[in-house]
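Okay, here's what each chain looks like letter by letter:
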Amino acid sequence: MPQFELEQVGPDGFSGLVRARTPEEAIRHAATLAEKCTVTLVPEADVQGWQGVQVDGAPSGRVRPHQRMRFRRD
């Protein structure tokens, strides 16, 4: 299952890693949002992969996929 990194998401400002199928599901689970709340992502990601999050139309942190395996080339 994919992991997502959240930063200051939801009313409580949750930050951390969450496993979920989609970024929206990760946000709902971590921020304990009701089903009636609408969660949308800004379509464009920045250079570091972060996407802005909006909960009920208000800006509410950001999310990006978390790469569990990172390889270095020496």
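A short tour of the structure in this document, coming up. Keep in mind that what you see is a predicted model, and the values were worked out from it rather than measured.

Attention now goes to the sheet that holds strand 4 (residues 51-55). Working definition: the strands of a sheet are paired by backbone hydrogen bonds and lie parallel or antiparallel to each other. Spatially, 2-1-5-4-3 is the arrangement adopted by the 5 strands of the open sheet, whose pairing is antiparallel. Each having just a single partner strand, strand 2 (14-19) and strand 3 (39-41) make up the two edges of the open sheet. Pairwise comparison of adjacent strand axes, ignoring direction, gives a mean angle of 25° for this sheet. For strand 3 and strand 4, the ladder comprises 3 bridges, and the chain directions are antiparallel. Looking at strand 4, one finds that Thr40 is bridged to Gln54. Sitting on the sheet, helix 1 (residues 23-31) touches strand 1 (3-9), strand 2, strand 3, strand 4 and strand 5 (58-66), and the angle it makes with strand 1 is about 55°.

When strand 1 meets strand 2, the two strands line up antiparallel, connected through 5 bridges. The residue of strand 2 that forms the bridge with Gln3 is Arg19. Taken together, strand 1 and the strand that follows it, strand 2, pair antiparallel across an intervening segment of 4 residues, in which Gly10 is found at a positive phi of about 85°. Bridge count between strand 1 and strand 5: 5 bridges; the pairing is antiparallel. Along strand 5, the bridge assignment pairs Glu5 with Arg64.

Thresholds applied
Residues numbered from 1 in each chain as written. Predicted model: local features only at pLDDT ≥ 70, side-chain atom pairs only at ≥ 80, totals over all residues. Heavy atoms only, no water. Pairing = 2+ DSSP bridges. Helix = DSSP H or I, 4+ residues; strand = E, 2+ residues; numbered from the N terminus. Axes fitted to C-alpha atoms, helices over the stretch in contact; angles between N-to-C directions. Contact = heavy atoms within 4.5 Å.

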